[in-house]
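Below, each chain spelled out in residue letters.
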Amino acid sequence: MSFLELSNITKRFGTFEALRGISLSIERGSFVSLLGPSGCGKTTLLRIIAGLETPNGGSVVIDGSDVTRLPPEARKLAMMFQSYALLPHMTVLDNVRFPLRMQGSSSTADQRQRAHEALALVKLDHLADSRPRQLSGGQQQRVALARAIVYQPRVLLLDEPLSNLDARLREDMQIELQDLHHRLGLTTIFVTHDQEEALSLSDRVVLMRDGAVERDAPADEIYDDPGTPFAADFLGAANVLKVLVEPSGVRLSNGQMLTIGQAPKNGEALLILRQEDLSLGEGTLSLDGIVEARVFMGTRVRYVVRVGDDTIRVLTDRDQSAQPGDRITVGFSPERARWAR
Ligand code: ATP
């Protein structure tokens, strides 16, 4: 049995089914992202793990004991939200010490020492005597993180903790979170709707859709082989082409025939092509198309190309210039193609 086991979790709000039988096994020390569009049930699942919400069915088992009916404080987990609310009238140190004070199980001196240690972990010990309002948004976020880890929780639950930060700070915090995770080996569950964040931070990505798990795989695997059209689209806007597999090859909607290995059985199928695996010009295989749009993005250019009934996106280096209306070929290597299952 894994460290954290969710078995067949269901949750209804009135007649609405927010979670439809979720089962997950999470290993001790791993960093797992719950990824998915707004409303798919990520926060509800996290709150059920935390004990802030009771499931209608299923169980939550942590380290071998069933905690499904236990209140949050008995679970020894820490949760950090998007709005992390530090107490303004307290110093940074006292904010971090707060959960230990509430627990009341150790001396003041011990609590202070542990708060200092937690602050040192997020590299803010030098600001221990400041007030929250004297800190930047990113620093406040790190104080909240120190407060979450101060009593050495068994699992750290993070609900979109970085979504209020600007892009630069967000990146700094991502690095900080990863570093902290490596140093402490804390089992971490991270909720996000940002696929890039999920892929870059976590060992494993659980992609959710409408209250169910759509795909659950290591980050590199889910990116390389998304498996379903929804995952392909959500995990980086890959192209999904409706094709016909025939004995002699794969027929595109523009009539072109291609030879692609490991095609599924004859009939309609969905071919997944990542936009960065495509290039303008001949490849091992080439698609004939017409440029519909060219989007300049700084270091790269995205072309929107019509191929028969399909519109595909091609992400290229900026020197490959083609203009809307141009007839072009889009090249790719067949081994980069994936099939939806
Ligand atoms: P977001 O990224 O927008 O936070 P999410 O994936 O975290 O979305 P949840 O917050 O878990 O989604 O919500 C899942 C669904 O359950 C949504 O449709 C939401 O409206 C509904 N829901 C959540 N909490 C309640 C509640 N207390 N009462 C009624 N419906 C709720």
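Residues numbered from 1 in each chain as written. Predicted model: local features only at pLDDT ≥ 70, side-chain atom pairs only at ≥ 80, totals over all residues. Heavy atoms only, no water.

S.K.: So, the pairing of strand β18 (residues 310–317): which residues are in play, and what are the values?
M.R.: As paired elements, strand β17 (residues 300–307) and β18 share eight bridges and run antiparallel to each other. Paired with Val304 across the two strands is Arg313, which belongs to β18. (Pairing = 2+ DSSP bridges. Helix = DSSP H or I, 4+ residues; strand = E, 2+ residues; numbered from the N terminus.)

S.K.: Any details on the site of the ligand? Residues and values, ideally.
M.R.: What surrounds the ligand is the set Phe13, Phe16, Ala18, Pro37, Ser38, Gly39, Cys40, Gly41, Lys42, Thr43, Thr44 and Glu160. At a separation of 2.7 Å, an oxygen atom of the ligand approaches a polar backbone atom of Gly39. A distance of 2.5 Å separates an oxygen atom of the ligand from a polar atom in the side chain of Thr44. If the ligand stood free it would expose 630 Å²; the protein chains cover 57% of that surface. Take the shell around the ligand: its biggest share by element is three residues, from helix α1 (residues 42–50). Among the residues making up the shell around the ligand, the classes are represented as five nonpolar, five polar and two charged. (Near = heavy atom within 4 Å. Polar contact = N/O pair within 3.5 Å; in protein donor to acceptor, adjacent residues only side chain to side chain. Areas by Shrake-Rupley, 256 points an atom, 1.4 Å probe, with all protein chains shown as cover. Nonpolar A, V, L, I, M, F, W, Y, C, P; charged D, E, K, R; others polar.)

S.K.: Explain unusual backbone geometry to me, using residue names and the numbers behind them.
M.R.: Even without being a glycine, Asp63 presents a positive backbone phi close to 50 degrees. Secondary-structure assignment places Asp63 in the loop between β4 (57–62) and β5 (65–66). On the basis of relative accessible area, Asp63 is assigned to the partly exposed category, the value being 42%. The backbone of Glu160 sits at a positive phi, close to 45 degrees, despite the residue not being glycine. (Buried < 20%, exposed > 50% of the residue type's maximum accessible area, 1.4 Å probe, protein only.)

S.K.: Would you mind going over the packing of helix α2 (residues 92–103) against helix α3 (residues 108–121) in detail, with residue names and values included?
M.R.: Two numbers describe how α2 lies on α3: the axes approach to 9 Å, and their chain directions differ by 120 degrees. It follows from the interaxial angle that α2 and α3 lie oblique. The handedness of the crossing between α2 and α3 is right-handed. In this structure, α2 contributes Val92, Leu93, Asp94, Val96, Arg97, Leu100 and Arg101 to the contact, and α3 contributes Thr108, Gln111, Arg112, Arg114, Ala115, His116, Ala118 and Leu119. (Axes fitted to C-alpha atoms, helices over the stretch in contact; angles between N-to-C directions. Parallel < 35°, antiparallel > 145°, perpendicular 65-115°, else oblique. Left-handed = near helix turned anticlockwise from the far one by under 90°. Contact = heavy atoms within 4.5 Å.)

S.K.: Account for the pattern of salt bridges, naming residues and giving values.
M.R.: Opposite charge on two side chains makes pairing possible when the charged atoms of those side chains draw close. Inspection of the entire model under this criterion finds 19 salt bridges. The partner of Glu53 in a salt bridge is Arg47, with the nearest N and O atoms 3.2 Å apart. Of the residues examined, Glu53 reaches a relative accessible area of 19% and is grouped as buried. Given the relative accessible area of 26%, Arg47 is considered partly exposed. (Salt bridge = Lys/Arg side-chain N within 4 Å of Asp/Glu carboxyl O.)

S.K.: Please give an account of the pairing of strand β16 (residues 285–296) that cites residues and values.
M.R.: Pairing of β16 with strand β19 (residues 327–332), which is carried by six bridges, proceeds in the antiparallel orientation. Its bridge partner being in β19, Gly289 is matched across the sheet by Ile328. Looking at chain direction, β16 and β17 are connected through six bridges and run antiparallel. By the bridge assignment, Phe296 is partnered in β17 with Val301. Here β16 folds back onto β17 in antiparallel fashion, the turn holding three residues, of which Gly298 has a positive phi close to 90 degrees.

S.K.: If you had to explain the sheet that holds β5 to someone new, which residues and values would you point to?
M.R.: An order of β2-β1-β4-β5 is seen for the four strands of this open sheet, with the pairing classed as antiparallel. Edge positions in the sheet fall to β2 (16–26) and β5, since each of these pairs with one other strand and no more. Taken together, the five bridges between strand β1 (residues 4–13) and β4 define a ladder with antiparallel strand orientation. In the sheet register, Leu4 faces β4, and the bridge partner there is Ile62. Packing against the sheet, α1 makes contact with β1, β2 and β4, and its axis sits at approximately 120 degrees to β1.

S.K.: With reference to specific residues and values, describe the packing of aromatic side chains.
M.R.: Taken as a whole and judged by the stated rule, the model has two aromatic pairs. Each ring, one from Phe31 and one from Phe190, has its centre 6.0 Å from the other, and the planes form 45 degrees; the classification is tilted. Remark: Phe190 occurs in strand β8 (residues 187–192) and Phe31 occurs in strand β3 (residues 31–35); sequence separation between them is 159 residues. For the pair shown, Phe31 and Phe190 are each scored as buried. Here the basic side chain of Arg274 rests over the ring of Tyr223, its NZ or CZ set 3.7 Å away from the ring centre. (Phe/Tyr/Trp six-rings, centres within 6.5 Å; stacked < 30°, edge-to-face > 60°. Lys NZ or Arg CZ within 6 Å of the ring centre and 35° of its normal.)

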